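# Residue-level structural notes
So the chains spell out like this:
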Amino acid sequence: QVQFTESGGGLVQPGGSLRLSCAASGSISHIVITAWYRQAPGKQREMVAKITLWGSPDYADSVKGRFTIFRDNAANMMYLQMNSLKPEDTANYYCGVIGEDGSRAIESSWGQGTQVTVSS
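### Considering the sheet that holds strand 7 (residues 67-72)
Pairing is antiparallel across the open sheet formed by four strands, whose spatial order is 1-3-8-7. On the outer flanks of this sheet lie strand 1 (4-7) and strand 7, each paired with one strand and no other. Shown here is a sheet whose adjacent strand axes are inclined to one another by a mean of 15°, direction ignored. Sheet analysis places strand 7 next to strand 8 (residues 77-82), joined by six bridges and oriented antiparallel.

Here it is, written out as structure tokens:
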């Protein structure tokens, strides 16, 4: 089972940017859908973006126009570029595999997450 490790989080001011990285423990060239998701204390887990093996992305309405998801399959990496960050984006961000139905999370692939805090 391929597992993922997130990095790149930190403290950033509103309007700032961060790029999160997701490193896979093995090849992702056979994994059809991967995704970024987030969860803040007291809030439901939210899938923020997903991407197919061939590069087709999808985004939650809350991040459209601000976040970009992309994969480097040869390097076994996935990224989330976050621009125009808002305090509402504050959460622990995770990455992992999504089932080929496009929605089912494969929990065994998830990392421990990386914390993003947007505050002045």
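### Focus: the nonpolar core
In terms of nonpolar packing, the biggest core is built from 30 residues, with F4, W36, I69, L80, M82 and Y93 touching the most fellow members. At the level of secondary structure, the elements contributing two or more residues to this core comprise strand 3 (18-24), strand 5 (46-52), strand 7, strand 8, strand 9 (91-98) and strand 11 (114-118). For I69, the residues in contact, after removing those within four places along its chain, are T34, A35, W36, A49, K50, I51, P57, Y59, M78, Y79 and L80.

### Things to note about the side chain of S109
For S109, the position within the fold is in the loop between strand 10 (105-106) and strand 11. The buried category is assigned to S109, whose relative accessible area is 0%. A polar contact is formed between the side chain of S109 and the backbone nitrogen of V97, at a distance of 2.8 Å. Leaving out residues up to four positions away in the same chain, S109 has contacts with Q1, V2, Q3, F4, C95, G96 and V97.

### Observations regarding the pattern of salt bridges
Side chains that carry opposite charge are capable of pairing whenever their charged atoms lie near each other. All chains considered together, the criterion is met by four salt bridges. K64 is the salt-bridge partner of D61, the closest N and O atoms lying 3.1 Å from each other. With a relative accessible area of 68%, D61 lands in the exposed category. Linking D89 and R66 is a salt bridge whose minimum nitrogen-to-oxygen distance equals 2.7 Å. In this pair, D89 sits in the loop between strand 8 and strand 9 while R66 sits in the loop between strand 6 (57-59) and strand 7, placing the two residues 23 residues apart along the sequence.

### Comments concerning the pairing of strand 11
With burial as the criterion, only one face of strand 11 is covered, namely that bearing T114, V116 and V118; the residues Q115 and T117 on the opposite face remain uncovered. Taken together, the three bridges between strand 2 (residues 10-12) and strand 11 define a ladder with parallel strand orientation. When the bridges of strand 11 are listed, V12 appears paired with V118. In this structure, strand 9 lies alongside strand 11, joined through three bridges in antiparallel fashion. Residue pairing across strands places A91 opposite V116, the latter belonging to strand 11.

Conventions we followed
Residues numbered from 1 in each chain as written. Predicted model: local features only at pLDDT ≥ 70, side-chain atom pairs only at ≥ 80, totals over all residues. Heavy atoms only, no water. Pairing = 2+ DSSP bridges. Helix = DSSP H or I, 4+ residues; strand = E, 2+ residues; numbered from the N terminus. Axes fitted to C-alpha atoms, helices over the stretch in contact; angles between N-to-C directions. Core = buried A, V, L, I, M, F, W, Y, C linked by side-chain atoms within 4.5 Å. Buried < 20%, exposed > 50% of the residue type's maximum accessible area, 1.4 Å probe, protein only. Contact = heavy atoms within 4.5 Å. Polar contact = N/O pair within 3.5 Å; in protein donor to acceptor, adjacent residues only side chain to side chain. Salt bridge = Lys/Arg side-chain N within 4 Å of Asp/Glu carboxyl O.

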